[in-house]
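Descriptive structure summary
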Amino acid sequence: MTETSSQPIPEKAKPSLFQQLELDMRLLGMIGAFVILCIGFNIFTDGRFLTPRNLFNLSIQTVSVAIMACGMVFIIVTRHIDLSVGALLATTSAVMAMTQTELLPQILGMGLNNPATWAITIVVGLFVGTLIGAFHGWMVGYLTIPAFIVTLGGFLVWRNVAWYLTSGQTIGPLDSTFLMFGGTNGTLGTTTSWLFGLFATAVAIWALWSGRRAKAAHGFPVKPVWAEATLAGIIAIAILGYVYIVNSYAIPTRRLQRMFEARGETMPEGLVVGYGIPISVLILIIVAVTLTIVARKTKFGRYIFATGGNPDAAELSGINTRLLTVKIFALMGFLCAVSAVVASARLANHSNDIGTLDELRVIAAAVIGGTALSGGIGTIYGAILGALIMQALQSGMAMVGVDAPFQNIVVGSVLVLAVYIDIVYRKRLGAK
Amino acid sequence: MQAQDTQKRLSGTGRGSGAPPLVEMRDISISFGGIKAVDHVSVDLYPGEVVGLLGHNGAGKSTLIKVLSGAYQMDHGEILIDGKSVEIDNPRDARANNIETIYQTLALADNLDATSNLFLGREMTTPFGLVNDAAMEAECRKIMAQLNPNFQKFNDPVSALSGGQRQSVAIARAVYFNARILIMDEPTAALGPHETQMVADLIHQLKAQGIGIFLIDHDVHAVMELCDRASVMKNGKLVGTVDIADVTDDDLLSMIILGKQPAQKAE
């Protein structure tokens, strides 16, 4: 208790290259695994895996699970689980399907493809999803029923509510504007995609720079400039690289012809138009960025992680952990509804088995992405990468021609192995 | 010699000035499933005073104090602060009344760093409503420089800290927000001799600032050294409250073990 002067930062041993970059090693490991997976499949499929077409499809197939996995991170971080996400997706999808095919056009007399249909439908869907999620959260937080039980019950209830709502029928075709939110029906086009890519790169670099400035303003240690520049370069290449890939996937000529015919024009000979970024991927990006900011920069996010780390401490710090639980499950319900929009729009109709087994894919994605079931640890980008790895594995094996039963056997084994590697890695690191 | 020291320390407290006590817990009772953990206990605390709470494990001292910190809700009784009755239903109410607690378990979120723990529940925000990590870390560095100048691990989760470092984070959290009433539940239980001395110095320093402290401790010697008064509990009941200046170690021990007031102390 003597010297109270400023504290010099002690000189440490020269840090390694990765330490200077302050990169997350497990993130690098996952990216590495993903890259190896892609290259491996590319070799076994004679170069059919790493094509713009396949990567485009891979990204739109991943979106639905990835969006829900983002919400699942918060659920698992607070030591809960949600087994009902696939069923909740089905219910919200059914509600939206009925809204846009029965309620609005027939009962309210708005007719088919009314310009307001898609917006009303999505608002209704998001509202229902949030409400059901909040109800789950209320039962977990205030009635203190374990989340496992609440959502196991929810799994049966909502799967069959969806069935009841649609009488088990496939509902379609869906509203034409609504279809733009999933699959190949809605993309940004090449020019807008490039603009978006440049904008995203600029925002990412600005975020890096302002974070550095805030640290420097208080005299805290900052990374060397070259490390920041390398990081910025990697981010720029990743973003613009993805834009380049989805822009190089050309819309099939016949399809393009039909699009011109629909507008009453004739297609110029030899015209090639790229798809660009799918709107569903854009939704995923918005969800991911928003939730990452929520996790790191808001009180809500701080409380989620504090509650996961030590629920008693959070409660004693004056955090209303019960209300927090309601909010987290409401957010999960909201994201299930978003996924329902994407999934039903991609399939162009609502089918009775939509979202089946999604709860397991979502949990697996979050866990492969480094979310600890013991709570307190997890990242949004990890969960998305987890979802991407799972989807790459699944569709890669399908392309190679692995038998269907073996596909699931491999995915299941990979899940267990990934968690084991994570445990070993954390032990090596000396953390819990 | 020890009595003289104690006398000197007593002079700094607000007791005897006629002002109402800082905290008065009147006739508090709380039971868990038919077992009376605290049975009609009354204690009080004056500004600048340290009151020790003594007793065996299960005597009810931690339970009593958790009523004040908002972790438990009492079944019967009244809490007065500055002579006014207050409602403390949860930890937020306690904090609103400037009551801060250092729990025996420290109550830290192990996965967060020292700064996040220091400000947990009371984060500083930017004008956009986002948490201002840089400003909070700067404040955290300032207070840690006073409490524990050797502390450097600002960017590690507190699970990576030593017992003493964790303790200083818990203490920093209690004293940073201008506490008027401080509850310390066995603050030195997990500490080495050097860190125990650090806590003792801190208690003297806080006393001098007029903060009232409830100190829960097993160690009679620590209580004799640090406290002005001691309230002894046994089986949920209050055995008695004594001035440290008037009693010996043995008197306190017999109160704890036998549950009897020292006979000679008549006012």
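This one's a predicted model, so the numbers in the text were calculated from it and none came from an experiment.

Helix and strand content of chain B: 9 helices and 10 strands. Whereas a compact globule of 267 residues would reach a radius of gyration of roughly 18 Å, chain B reaches 19 Å, a difference of no more than 12%. On the principal axes, the C-alpha backbone points of chain B span a range of 60 × 40 × 35 Å. Scored against the burial criterion, the 267 residues of chain B give a buried share of 54%. Relative to all contacts within chain B whose residues are 6 or more apart in sequence, the contacts with residues 24 or more apart total 65%. Taken together, the 23 basic and 34 acidic charged side chains of chain B have centroids lying 1 Å from each other.

Quick look at the pairing of strand 7 (residues 181-185) of chain B now. All names here are of chain B. Burial of strand 7 is extensive: 5 of the 5 residues sit out of reach of the surface. Residues Ile181, Ile183 and Asp185 line one face of strand 7 and the alternating positions Leu182 and Met184 line the opposite face, and both faces are buried. Bridging between strand 7 and strand 8 (residues 212-216) involves 5 bridges; their strand directions are parallel. Looking across to strand 8, one finds that Leu182 is bridged to Ile213. The β-α-β motif built from strand 7, the intervening helix 7 (residues 193-208) and the parallel element strand 8 has right-handed crossover chirality.

For the rest of this paragraph, the subject is the nonpolar core. Residues and elements named next belong to chain A. Counting 90 residues, the largest nonpolar core has Ile67, Met72, Phe74, Ile283, Leu291 and Ile380 as its most contacted members. Ranked by the residues each element gives to this core, the list is headed by helix 3 (residues 52-77), at 15 residues. There are two domains that each give this core at least three residues, and those are domain 1 (65-185 + 280-416) and domain 2 (187-277). In this view, Leu291 contacts Cys70, Gly71, Phe74, Leu331, Leu335 and Ile380; residues no more than four positions away in its chain are not counted.

Moving on, we get to the UniProt feature "domain: ABC transporter" (unreviewed entry) in chain B. Feature annotation in UniProt assigns "domain: ABC transporter" (unreviewed entry) to the following positions: residues 23-260 of chain B. Taken end to end, residues 23-260 of chain B is 34% helix and 26% strand, and its first and last C-alpha atoms sit 25 Å apart.

Next up on the list: the domain arrangement of chain A. Residue and element names in this part refer to chain A. When cut into domains, chain A gives domain 1 (65-185 + 280-416) and domain 2 (187-277). Contacts between the two partners involve 5 residues from domain 1, matched on the other side by 7 residues from domain 2. Of all residues in domain 1, Thr184, Val281 and Leu282 bury the most surface against domain 2, accounting for 73% of the area lost on that side. Across the domain 1-domain 2 interface, the total number found is 0 salt bridges. Linking domain 1 to domain 2 there are 0 residue pairs in polar contact (both at pLDDT 80 or more). By residue class, the composition of the side of domain 1 that touches domain 2 is 3 nonpolar, 2 polar and no charged.

Let us look at the sheet that holds strand 5 (residues 84-86) of chain B. Residue and element names in this part refer to chain B. Here we have 4 strands laid out as an open sheet, ordered 2-1-4-5, and antiparallel in their pairing. Both outer strands of the open sheet, strand 2 (35-45) and strand 5, are each paired with one neighbouring strand and no more. The average undirected angle you get between the axes of adjacent strands in this sheet is 30°. Pairing of strand 1 (residues 23-32) with strand 4 (residues 76-81), which is carried by 5 bridges, proceeds in the antiparallel orientation.

Counted by the stated rule, this structure contains 11 aromatic pairs over all chains. Residues Phe41(A) and Phe49(A) carry aromatic rings whose centres are separated by 5.4 Å and whose planes lie at 35° to one another, so their mutual orientation is tilted. For the pair Phe41(A) and Phe49(A), one class covers both residues: buried. Between Phe119(B) and Tyr176(B) the ring centres are 5.3 Å apart and the planes differ by 70°, which places this aromatic pair in the edge-to-face class. Of the two residues, Phe119(B) is situated in the loop between helix 4 (114-118) and helix 5 (133-147) and Tyr176(B) in helix 6 (residues 163-176); the sequence distance between them amounts to 57 residues. One aromatic cluster in this structure is built from Phe56(A), Tyr249(A) and Tyr275(A). When the ring centre of Phe260(A) is taken as reference, the NZ or CZ atom of Arg263(A) above it lies at 5.6 Å. The cationic tip of Arg122(B) hangs over the ring face of Phe177(B); the distance from NZ or CZ to the ring centre is 3.7 Å.

As a further point, take the pattern of salt bridges. All told, the structure shown has 16 salt bridges over all chains when counted by the stated rule. With its nearest N and O atoms 3.2 Å apart, the salt bridge here joins Lys237(B) to Asp39(B). One end of the pair, Lys237(B), is in strand 10 (residues 237-243); the other, Asp39(B), is in strand 2, and 198 residues separate them in sequence. Taking the relative accessible area as the measure of exposure, Asp39(B) reaches 15% and is therefore buried. As a salt-bridge pair, Lys142(B) and Glu139(B) come within 3.0 Å of each other at their nearest N and O atoms. Taken together, the residues span about one helical turn, with Lys142(B) and Glu139(B) both in helix 5 at a distance of 3 residues. Sharing partners across several salt bridges, the network here consists of Lys297(A), Arg302(A) and Asp133(B).

All names here are of chain A. There is a patch of nonpolar side chains on the surface, built from Ile31, Val35, Ile39, Ile43, Phe44, Leu50 and Val400 and spanning about 630 Å² of accessible area. With 5 residues, helix 2 (residues 25-44) is the single largest residue contributor to the nonpolar patch. With respect to the secondary-structure elements, Phe44 resides in helix 2. What makes Phe44 exposed here is its relative accessible area of 64%.

Rules used throughout
Residues numbered from 1 in each chain as written. Chains lettered and ligands numbered in written order. Predicted model: local features only at pLDDT ≥ 70, side-chain atom pairs only at ≥ 80, totals over all residues. Heavy atoms only, no water. Helix = DSSP H or I, 4+ residues; strand = E, 2+ residues; numbered from the N terminus. Rg over C-alpha atoms; globule rule 2.2 N^0.38 Å. Buried < 20%, exposed > 50% of the residue type's maximum accessible area, 1.4 Å probe, protein only. Contact = heavy atoms within 4.5 Å. Lys, Arg positive; Asp, Glu negative; His and termini not counted. Charge placed at Lys NZ, Arg CZ, Asp CG, Glu CD. Pairing = 2+ DSSP bridges. Right-handed = clockwise from strand over helix to strand, strands pointing away. Core = buried A, V, L, I, M, F, W, Y, C linked by side-chain atoms within 4.5 Å. Domains from an automatic or database assignment. UniProt positions renumbered as here; feature names shortened; annotations may be inferred. Buried area = accessible area lost by both parts, 1.4 Å probe. Salt bridge = Lys/Arg side-chain N within 4 Å of Asp/Glu carboxyl O. Polar contact = N/O pair within 3.5 Å; in protein donor to acceptor, adjacent residues only side chain to side chain. Nonpolar A, V, L, I, M, F, W, Y, C, P; charged D, E, K, R; others polar. Axes fitted to C-alpha atoms, helices over the stretch in contact; angles between N-to-C directions. Phe/Tyr/Trp six-rings, centres within 6.5 Å; stacked < 30°, edge-to-face > 60°. Lys NZ or Arg CZ within 6 Å of the ring centre and 35° of its normal. Patch = residues over 30% accessible without salt bridge, like charges linked within 9 Å, V, L, I, M, F, W, Y side chains within 5 Å. Areas by Shrake-Rupley, 256 points an atom, 1.4 Å probe, with all protein chains shown as cover.

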